[in-house]
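Structure at a glance
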Amino acid sequence: VGGGYKSFDYSGKMPYIDSSHTELLRIGSLDPEYGGTSIEQVYDAMDSLSFPPFAVFPEYVKGGGGGGSGDGDNSVPSSDITLIVSVVDSYTDYASYSTYDDFLDNLFDAMDAVGGGACMDDHDTDPHVSMSRGVKFKSLTHQQKYFFQVNLEVAVWQSMYPKGVVIGSKGYASFPPESKSANKMYVGYGNLYFFFDRANITKAFLPNRDLTDKELGYATIYSSGNAGTYYEETTTIDFDYNKGSGSNDNSDQEYYEHNPYGWNARMAKHDMTDGWDLPPGCEQEGETFLGIPLSQYSDSKLQGTRSFQDQFDFETLLDRNFTYIQKFGTNHGWLVGEEVDNGAGSIVDKDTAHIPLFYTGTLNPDMGGIDLKDLIKVMETIDFGELYIKPAFVFQDDDGSIKLQFEADASSALGYLYNSLCSMLGITWNYESPYNSLGLYSNCAMHAAGDRAKYGCGPDNANTGGFCPQMTLAYRVGFQSEEHAAAYLERSNNYVDYWRSLYPSGVAVGTSEFCTSGGCLALFLQRQDPLMIFSPNLAGSWVEFMGGTVAPTISPAPTFDGGCDDLRNSKLDKCYRQKHARKASSVAWDALGAVGQLSLFLLFFMASTLTLSIFHARARSRKNDGESYLSFFIRDMRGPGKKRKKKLRKKIGRGTLDQDLLEEDQVDNKIRTVPARPGKLALSHKKKPKRSATPSFDPDATPRASSKPRRRPNSGDRSRSGTAHANVPAADPPKEIKDPRRQLV
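Worth saying up front: this structure is predicted, and the values here are computed from it rather than measured.

Further remarks concern the overall build of the protein chain. When its secondary structure is counted, the protein chain shows 15 helices and 21 strands. Out of the 745 residues in the protein chain, the part that is buried amounts to 41%. Considering only residue pairs separated by 6 or more positions, the protein chain has 67% of its internal contacts joining residues 24 or more positions apart. In the form shown here, the protein chain has an accessible surface area of approximately 42500 Å², with 52% of it arising from carbon and sulfur atoms.

Turning next to helix α3 (residues 140-160). Taking 1.5 Å as the rise per residue, α3 with 21 residues should run 30 Å; its terminal C-alpha atoms sit 30 Å apart, in good agreement. Those residues of α3 that sit buried are Leu140, Gln143, Phe147, Val150, Asn151, Val154, Ala155, Val156, Gln158 and Met160. Looking at the packing, one finds that the buried side of α3 touches β1 (55-62), β2 (79-87), α4 (213-219) and α5 (228-233).

Together, Asp89, Asp101, Asp102, Asp105, Asp109 and Asp112 give the surface a local cluster of negative charge. Position of Asp105 among the secondary structure elements: in helix α2 (residues 99-113).

The next point concerns the packing of aromatic side chains. Taken as a whole and judged by the stated rule, the model has 29 aromatic pairs. Consider the rings of Phe328 and Trp334, whose centres lie 5.6 Å apart with planes at 85°: the pair is edge-to-face. A relative accessible area of 12% means that Phe328 is categorised as buried. Among the aromatic side chains, those forming a connected cluster through ring pairs are Phe51, Phe54, Tyr100 and Phe103. Positioned above the aromatic ring of Tyr43 is the side chain of Lys203, whose terminal nitrogen or guanidinium carbon lies 5.5 Å from the ring centre. The ring of Tyr629 carries the charged tip of Lys623 above its face, separated from the ring centre by 5.3 Å.

How each quantity is defined
- Residues numbered from 1 in each chain as written.
- Predicted model: local features only at pLDDT ≥ 70, side-chain atom pairs only at ≥ 80, totals over all residues.
- Heavy atoms only, no water.
- Helix = DSSP H or I, 4+ residues; strand = E, 2+ residues; numbered from the N terminus.
- Buried < 20%, exposed > 50% of the residue type's maximum accessible area, 1.4 Å probe, protein only.
- Contact = heavy atoms within 4.5 Å.
- Areas by Shrake-Rupley, 256 points an atom, 1.4 Å probe, with all protein chains shown as cover.
- Expected span 1.5 Å × (residues − 1).
- Patch = residues over 30% accessible without salt bridge, like charges linked within 9 Å, V, L, I, M, F, W, Y side chains within 5 Å.
- Salt bridge = Lys/Arg side-chain N within 4 Å of Asp/Glu carboxyl O.
- Lys, Arg positive; Asp, Glu negative; His and termini not counted.
- Charge placed at Lys NZ, Arg CZ, Asp CG, Glu CD.
- Phe/Tyr/Trp six-rings, centres within 6.5 Å; stacked < 30°, edge-to-face > 60°.
- Lys NZ or Arg CZ within 6 Å of the ring centre and 35° of its normal.

As structure tokens, then:
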């Protein structure tokens, strides 16, 4: 049932979207030339029908129905997990058949009327929801506990919807999804949908009436938040869920338990449609692996380029017209890229061509795996040569998958790399333990520490190990006949022979934009997303995300002569930093961190607002009438200039500072007399004649010319007063000082 695109997942599973549904009628092939029914015919048939909203009742969750994993006779059995549902029968007045039975009869008649093909089922499908396939439990006890837990949830649903519920929502969606907002419509309740494949709905068909108030009340119990009471009251299961419609029913299984010591090195050659049998110390499955990327039209969001090689065109190995192939055993078609509107209705997978070399397992260290950053550190210490590959032949394995085998040369760079990976990252097995200088290991790798390339597949090897470079073209393919299978393999191997003649010594794949030197190794999170690329000869590594490149974190000194001037050393830390040197200001800014950057921004903002506030207050008090703030700002910036200095000099010059304040004898005594101000003294005598005393001035001194009462002068008076004082001769200093006021120098 998916979960959306996730760029990183410990399980290493493909990031499929939620594709939950219950199938009512299987249309089959969409190609009329091969007995199928076209999409237009399906639309015409459905548009001619009228149907009410159908209610669905949840029955139980069951296991069983899974295929063999091929890991060994003693391995844990795999099974599918399925939710069984039923369409509620409702009857109109005096009707002998339910509304759903009438709809099915009308549906088959409508399909016949539009010329539906023979590939369509001649009966309706038992309603069910496929939850997962190829599941392996730790033991029968774990399986029973799981089914009790999920069926207790179903019991809550049954108490919540005792007469079923009409499925739907109050949201909006577009059909087909590629049209986005162009065909956006209200979803509503009780619709039927045409699924091009399990992940894509292309058209919605609306019922002939709206829901009643009672139906709508049941349909919105969960979304309105009123389901809590049902969870509190439902604590038991009153239906039998240990049953099924096929083999391996829940109640018919013998006790089993996963034996981690039953693991063997050949399990690296695994049927990817089933679960893994995990080695000792590993508690979670994972499909992260190291391999050679071969996609030409990748849709990975973790790489900035879509093409990883231009040496092989795998389109020549496909049978898109079903000339030889009859069916695919899974919802997946060709793994090297499926076409839209393909006749089989397979999931439109993007190109995921690759050669898996070493399965590292889960990246969850809490479950026995190795952390992603630790795995990258170890990988960047492994020295390997350019990885040359040479196709050998196309074949169909025991699980029904079509694969392209590459030569498994144990003495090649690929073989030596496999040896290094096993000795450094393999699991402890048969008294052999891994070793690397960093001390970073995993319990979930699907390869033993003592495994070597010479134990792998091929006529020159022992065929007991996990070294076997293969590329899967399709899962569980069914041919029309043995003759068709032989004809397909012969045609495909003719192309392989051409490639072998074109590359007699093999080829190091790459493009002008991806792994330009050729022969790189990739770390895949799952088969769609190569996360990190490692160049041969310790020439560095890099990771891209949405077109951006991050420099490697660990790398040795330049390998090739010429240092950073050699393009082959461009991916090294030292050379990358030289070429992409950052400014000191940028480094300092990043060093502040988010908190420091925010603090600096707030400080600048507060200083700016304070400056503006001060300017505004100053402008309001000092700007002239009618003067704009801009004009005041310009005038204020220019400053008062010489005018203020001139006024200051005039103000200071209004006293008797031009007189000699100290006599020579006073200088010797370091005492000076502060002379009385004539104008002030005269004014004092005039106002207070009774308290007047003998002045300390010389009686022969000339009185000041200005003896009139003083008033606050204006600027003009100051100017004239200053001129008058300049013409008055200075009084002779007194010979004897009796004034008690003294000033120490």
